[in-house]
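Chain and residue survey
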Amino acid sequence: MGRTVYYVASSLDGFIATPDHSLDWLLTREVDDDGPMGITPFLAGVGAMVTGSATYEWVRAYQDAWDYTVPTWVLTHRELAPPPGADVRFARGDVRDVHAEMVAVAGERDRWIVGGGEVVGQFADAGLLDEVVIAYAPVTLGAGAPLLPRRLELRLTEVARNGEFACARYDVVRPG
């Protein structure tokens, strides 16, 4: 069965976006999308994804089209517009309900938690997070959106270098 994976890039000091939600620091870095722990092989195994509204709005503002082909849930309390022709669903409330829908849709494929430390924190709190994959960029931000604003025990399973990034894969260690 697929896994629920937090796949993300982070600054060395543990931030995924600047205080004003910018990812500009990330977009100038050398990376091989097809390389070790790259986005292309990762996306090939994804069957559903979930994101917070800030990440969703950033992607919509900085991409001409919605590039994702799998069903996507956006956690929000606001009314937002879906991209034309995309399977984007807006949800509020308990992430367990969203996770159950994602599992049903994704089948054997993985479920991707996209950006948003608070979003992944909710999944972790509910015991629904299986794996964390982080690409560490050679930059510090000093402040911003934290990588994961929760205590979480992890077990390192893989490391790699991809362009300028130091990449690490971890399994989530369940309590007890």
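Preceding this section is the structure that the text describes.
Our subject in this report is the structure included herewith. (Residues numbered from 1 in each chain as written. Predicted model: local features only at pLDDT ≥ 70, side-chain atom pairs only at ≥ 80, totals over all residues. Heavy atoms only, no water.)

Helix and strand content of the protein: five helices and 10 strands. In terms of overall size, the protein behaves like a compact globule, its C-alpha atoms giving a radius of gyration of 15 Å where 176 residues would be expected to give roughly 16 Å. Referenced to the eigenvectors of the C-alpha coordinate spread, the extents of the protein come out at roughly 45 × 35 × 30 Å. In the protein, which comprises 176 residues, the share counted as buried stands at 47%. Contacts in the protein between residues far apart in sequence, at least 24 positions, make up 67% of those at least 6 positions apart. Carbon together with sulfur atoms contributes 53% to the accessible area of the protein, which is approximately 9000 Å² in total. (Helix = DSSP H or I, 4+ residues; strand = E, 2+ residues; numbered from the N terminus. Rg over C-alpha atoms; globule rule 2.2 N^0.38 Å. Buried < 20%, exposed > 50% of the residue type's maximum accessible area, 1.4 Å probe, protein only. Contact = heavy atoms within 4.5 Å. Areas by Shrake-Rupley, 256 points an atom, 1.4 Å probe, with all protein chains shown as cover.)

Time to look at the pattern of salt bridges. Within the structure shown, the criterion is met by 15 salt bridges. Between Arg78 and Glu57 there is a salt bridge, with its nearest N and O atoms 2.9 Å apart. Residue Arg78 is located in the loop between β4 (72-75) and β5 (88-91), and its partner Glu57 is located in helix α3 (residues 53-62); the two are separated by 21 residues in the primary sequence. Residue Glu57 is classed as partly exposed on the basis of its relative accessible area, which comes to 32%. Measuring nitrogen to oxygen at the nearest pair gives 2.9 Å for the salt bridge that ties Asp87 to Arg89. Where salt bridges share partners, they join Arg3, Glu131, Arg155, Glu158, Arg169 and Asp171 into one cluster. (Salt bridge = Lys/Arg side-chain N within 4 Å of Asp/Glu carboxyl O.)

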